[in-house]
Amino acid sequence: MSVITLDHVTKKFGDSVVVNDISDEFKDGEFITLLGPSGCGKTTMLRMIAGFEKPTSGEIRIDGKVVSSADTFVPPEKRELGMVFQSYAVWPHLNVFANVAYPLKIRKVPKAEIKEKVEKVLESVHLSQYAKRMPSELSGGQQQRVALARALVAEPKVLLLDEPLSNLDAKLRERMRFEIKEIQARLGINVVYVTHDQGEAMTMSDRVFVINSGVLQQVGTPVEIYRKPENQFVADFVGKVNFLKGISENGKIKLDGIDGTLDYSGEITGAVDVAVRPENIRISEENAHFRGKLLSEYFTGDTNDCRITAGGNELRMITDAATYKHFSDSETIGLYITDFMVFPASDSDFRKIMT
Ligand SMILES: Nc1ncnc2c1ncn2[C@@H]1O[C@H](COP(=O)(O)OP(=O)(O)OP(=O)(O)O)[C@@H](O)[C@H]1O
Ligand SMILES: [Mg+2]
């Protein structure tokens with residue numbers, strides 16, 4: 001169990017700042033996820049914690065001991081961390097069992113114990129039947145799980161995982177999320193997990209760090225970042241969202257081009273961006289806030305995924321599957337907004353990834 005402290009950590013490559021002044025403390029046994037678009041600095045952050053990259057300024061401490069600072073640098077092998085790299089590598093000349101056993105072998109763990117531990121971890125990554133295979137006989141996803149098993153078997157105090165499930169199919173990926181969570185809880189270790197998949201971040205993490213262009217946008221629990229995003233970028237990156245322009249005054253928001261208002265008891269007045277999640281739009285004639293025209297609908301099995309126009313705005317609504325084909329195309333329907341978020345209006349296009 002460990003505490004990882006980041007103290008004003010900054011990393012520059014030449015003139016470009018890829019991690020900008022990040023400070024926080026990852027608590028004992030916490031599952032932390034670094035979430036953000038490609039190129040936002042997630043891997044760089046992880047490599048600095050592991051000791052494969054030195055911060056340009058700032059300090060990193062593990063259990064209070066300085067591992068990176070202006071005048072101290074502890075190399076990776078002395079940090080007692082396990083890491084699965086984004087470009088994971090398994091030893092091509094060793095079979096699956098030997099690959100996973102390797103970290104225990106170099107520590108001179110007794111043979112019987114190695115066997116027991118390796119078998120257990122191979123089972124948790126669903127690779128028991130592949131123990132004797134060589135890496136060249138495995139798929140990418142299977143090799144990725146060998147790398148994960150090899151990091152897990154050593155039971156490190158801190159496990160750093162860089163998109164460890166990226167090569168798996170959707171079903172296995174979902175199953176592995178729970179396996180990793182279960183192993184982490186059982187061992188009580190810290191995990192720092194990198195992903196750009198918000199579903200993964202939501203299901204696994206105690207806290208999520210949402211990053212854009214090296215700048216921390218928000219730190220919070222999955223519920224906080226989803227329900228109370230601090231800005232439009234977070235609202236957009238974490239989940240699906242529709243943005244509408246409007247004016248907030250006297251406890252009401254008048255939406256641009258839309259005939260109807262929303263009641264609003266918050267403090268933001270004047271020009272606003274209203275963010276509405278697709279699942280917070282409901283079909284209702286009696287309680288309709290405004291009306292919209294059905295453009296298209298897609299049956300996904302458990303939902304009806306609709307596109308609607310309302311006063312020049314195109315909205316996405318995800319509603320009950322039972323409503324599918326209930327309305328004819330271009331039919332005008334009443335829409336009820338069950339929940340929404342309000343931000344001071346921004347001119348920037350926060351959907352464009354800032355790089
Ligand atoms: N050694 C390096 N020299 C120069 N620039 C680098 C170096 N390593 C990374 N970068 C740049 O730093 C930025 C952050 O890279 P990083 O690998 O941390 O992103 P990431 O968030 O992990 O992205 P992805 O999701 O694509 O893996 C990128 O713009 C990248 O081009
Ligand atoms: Mg990366």
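Reading the values: the criteria
- Residues numbered from 1 in each chain as written.
- Chains lettered and ligands numbered in written order.
- Predicted model: local features only at pLDDT ≥ 70, side-chain atom pairs only at ≥ 80, totals over all residues.
- Helix = DSSP H or I, 4+ residues; strand = E, 2+ residues; numbered from the N terminus.
- Contact = placed C-beta atoms within 7 Å.
- Near = placed C-beta within 6 Å.
- Nonpolar A, V, L, I, M, F, W, Y, C, P; charged D, E, K, R; others polar.
- Pairing = 2+ DSSP bridges.
- Axes fitted to C-alpha atoms, helices over the stretch in contact; angles between N-to-C directions.
- Domains from an automatic or database assignment.
- Buried ≥ 20, exposed ≤ 12 C-beta atoms within 10 Å, placed from the backbone.

### Examining the overall build of the protein chain
Turning to step 1, where the next piece is worked out: Helix and strand counts for the protein chain come out as 8 helices and 20 strands.
Turning to step 2, where the next piece is worked out: Along the first, second and third principal axes, the C-alpha set of the protein chain runs to 75 × 50 × 35 Å.
Turning to step 3, where the next piece is worked out: Sequence-distant contacts, at least 24 apart, represent 65% of the contacts inside the protein chain between residues at least 6 apart.

### Considerations on the site of ligand 1
Turning to step 1, where the next piece is worked out: Every residue lining ligand 1 is accounted for by Phe13, Val18, Gly36, Ser38, Gly39, Cys40, Gly41, Lys42, Thr43, Thr44, Gln86 and His196.
Turning to step 2, where the next piece is worked out: Looking at the shell around ligand 1, the element that brings in the most residues is helix H1 (residues 42-50), giving 3 residues.
Turning to step 3, where the next piece is worked out: Here the residues of the shell around ligand 1 are counted per class, giving 3 nonpolar, 8 polar and 1 charged.

### What about the pairing of strand E18 (residues 313-320)?
Turning to step 1, where the next piece is worked out: Pairing geometry for strand E17 (residues 303-310) and E18, over 8 bridges, is antiparallel. Among the inter-strand pairings, Ala310 is bridged to a residue of E18, identified as Asn313.
Turning to step 2, where the next piece is worked out: Hairpin connection from E17 to E18: 2 residues lie between these consecutive antiparallel strands, with Gly311 at a positive phi of about 50°.

### Thoughts on the sheet that holds E18
Turning to step 1, where the next piece is worked out: Spatial ordering of the open sheet is given by E15-E19-E16-E17-E18, a layout of 5 strands whose pairing is antiparallel. Unpaired on one side and paired on the other, strand E15 (281-283) and E18 mark the two borders of the sheet. In this sheet, neighbouring strand axes are inclined to one another by 50° on average, regardless of whether the strands run parallel or antiparallel.
Turning to step 2, where the next piece is worked out: Pairing analysis gives 4 bridges linking strand E16 (residues 290-299) to strand E19 (residues 332-337), with the strands arranged antiparallel. When the bridges of E19 are listed, Arg291 appears paired with Gly334.

### Structural notes on the environment of Gly311
Turning to step 1, where the next piece is worked out: Turning to its location among the elements, Gly311 is positioned in the loop between E17 and E18.
Turning to step 2, where the next piece is worked out: Aside from chain neighbours lying at most four places away, what touches Gly311 is Gly257, Ile258 and Asp259.

### Remarks on the domain arrangement of the protein chain
Turning to step 1, where the next piece is worked out: Domain annotation for the protein chain reports domain 1 (4-232) and domain 2 (240-344).
Turning to step 2, where the next piece is worked out: Once you take the C-alpha centre of each, domain 1 and domain 2 turn out to be 39 Å apart.

### Some points on H1
Turning to step 1, where the next piece is worked out: Summarising burial for H1: 8 of the 9 residues are buried, a large majority.
Turning to step 2, where the next piece is worked out: Among the residues of H1, Lys42, Thr43, Met45, Leu46, Arg47, Met48, Ile49 and Ala50 are the ones counted as buried.
Turning to step 3, where the next piece is worked out: Count one or two residues on from H1 and you reach Gly51, which has phi positive near 100°.

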